[in-house]
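# Summary of the model geometry
Here's the letter readout for the chains.
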Amino acid sequence: MELLKKWLGHPEDIYNLLRFKMGGYRAVMPRIDTVSGTGCDDGGGGMLFVISVHRAGARDDCFFSFPRHAVCIFYLVLRALDTIEDDMTISLDVKVPMLHEFHSYLYQPEWKYMESKEKDRQVLEDFPTISMEFRNLSKVYQDVISDICHKMGVGMAEFLEKKVDSQHEWDKYCHYVAGLVGIGLSRLFSASELEDPVVGQDTELANSMGLFLQKTNIIRDYLEDQLEGREFWPREVWSRYAKKLSDLAKPENIDMAVQCLNELITNALHHVPDVLTYLSRLKNQSVFNFCAIPQVMAIATLAACYNNKQVFRGVVKIRKGQAVTLMMDATNIQAVKAIMYQYVEEIYQKIPSTDPSSNKTQQVIASIRAMSLPGGPMASRHHYSPIYLSCAMLLAALSWQYLSTISKATEEYVQAGEN
């Protein structure tokens, strides 16, 4: 009945879940014809493995679900690299050289690693299949993927033996693990001629795309990371609120914890103007959808986390119906601006007057407002016909168990928004 109450409070979710399930998802990621040739979903025998791993992958799969060959291979190469970094059973004297040299393994047909204990170890065990597909790509794509892989491996190795102290180092760490992904994808988009050269050349904007997503994940995943012994919040910030980062999870420190949370969210919001500028340059519909969906998921997640004690007690996620709505709405720049405006307004309404970061939060929201004033086609995007709402509420009352099944079926499409 809890699910029923949730849907009755947001009847538009039901309508959009049904619309999405009944074919709306096809409009989210139209197929693209690129110079790489065969698509990732219709390739030969080698690609059957690639797809099986790709669909079973980790927390950020949907961000990489672009249905084309080069991006699929890019994803799998980075997933393999990330699996090495995450594997705590690999000693540093083995791991550091592996990270430094990983890009060279792309050109070694027989290289694989069979000793990983990570859940995604298959990408390392079957790496010859991935590297073979990589070597079948056009050289321009190979060069991009190899270069990003090299830079990321070096960056990951740098942070293996040190923690994130300053906000500058926080930006640097996020650059290595996510900003470089944004830069690499942008270079692939331009190399394919789907987008203008400037998209791949403006690395600052592409970097901000990745930083916004990574910071959102780090902020939201505080408790999960603490439970697994990982720390990614910058010491420069949290040390003003607690002696140890883990202290923020203690009930007696909840007020200070929320203030720290709000400061980090304010930091992340500074990337939104760059995100909007980047998206405004995109011309290809599929590329736009691919890039915009994770960004609107991120702003919705930050709005849910802002000033929210639950971040330190459990998991904060956006509703699946909300995620599906965002996916189907974020199809043009005016729509994205309206979505950004909506969620920064939601944050603005929750700013405590006593919060130490309140002035900075208000200032960054003002800059986002200036770029995303409503007036485009999405200004009234939540105003559904009363008939739709009435039918949706009736449907919820009669068929909530069936809709629960539908909700679960959409998991693979909205995983990126939650993770």
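The rules we used
- Numbering of residues begins from 1 in every chain and follows the order in which that chain's sequence is written.
- Given that the model is predicted, a residue must reach a pLDDT of at least 70 before its local features are reported, and side-chain atom pairs must reach 80 or more before they are shown or counted; all residues, however, enter totals for whole chains, interfaces and linings.
- Processing note: side-chain calculations cover all non-hydrogen atoms of the structure and skip hydrogens and water entirely.
- UniProt positions are given in the numbering used here, feature names are shortened, and annotations may be inferred rather than shown by experiment.
- The way it works is that DSSP assigns letters per residue, a run of H or I at least four long becomes a helix, a run of E at least two long becomes a strand, and they are numbered from the N terminus.
- Classification of residues uses two cut-offs on accessible area relative to the type maximum, computed with a 1.4 Å probe and protein chains only: under 20% is buried, over 50% is exposed, and between them is partly exposed.
- Residues count as neighbours in contact if any of their non-hydrogen atoms are within 4.5 Å of one another.
- Under the convention used here, a 1.4 Å probe and the Shrake-Rupley method define accessible areas, while residue burial counts only the protein chains that appear.
- Note on geometry: axes are C-alpha line fits, over the in-contact stretch for helices, and angles between N-to-C directions span 0 to 180 degrees.
- An angle below 35 degrees is treated as roughly parallel, one above 145 as roughly antiparallel, one from 65 to 115 as roughly perpendicular, and anything else as oblique.
- The hand of a helix crossing depends on one turn: near helix anticlockwise from the far one by less than a right angle means left-handed, and clockwise means right-handed.

- Under the annotation held in an unreviewed UniProt entry, the protein chain carries the name Squalene synthase and is attributed to Pelecanoides urinatrix.
- The UniProt entry for the protein chain carries the following comment under Pathway (unreviewed entry): "Terpene metabolism; lanosterol biosynthesis; lanosterol from farnesyl diphosphate: step 1/3."
- Under the UniProt heading Cofactor (unreviewed entry), the note attached to the protein chain is "Mg(2+)".

### Focus: the overall build of the protein chain
- When you go through the protein chain residue by residue, the secondary structure sums to 21 helices and zero strands.
- Evaluated residue by residue, the protein chain yields a buried proportion of 55% over its 419 residues.
- Counted over contacts in the protein chain with a minimum sequence separation of 6, partners at least 24 positions apart contribute 76%.
- When the accessible area of the protein chain is evaluated, it comes to approximately 18,000 Å², of which 52% is carbon and sulfur surface.

### With respect to the packing of helix α5 (residues 92-105) against helix α8 (residues 139-158)
- It is the contact of α5 with α8, at a shortest axis distance of 6 Å, that shows an interaxial angle of 165 degrees. With respect to their mutual orientation, α5 and α8 come out roughly antiparallel. Where α5 crosses over α8, the handedness of that crossing is left-handed. Every residue of α8 that contacts α5 at Val-96, Leu-99, His-100, Phe-102 and His-103 is listed here: Ser-146, Cys-149, His-150, Gly-153, Val-154, Met-156 and Ala-157.

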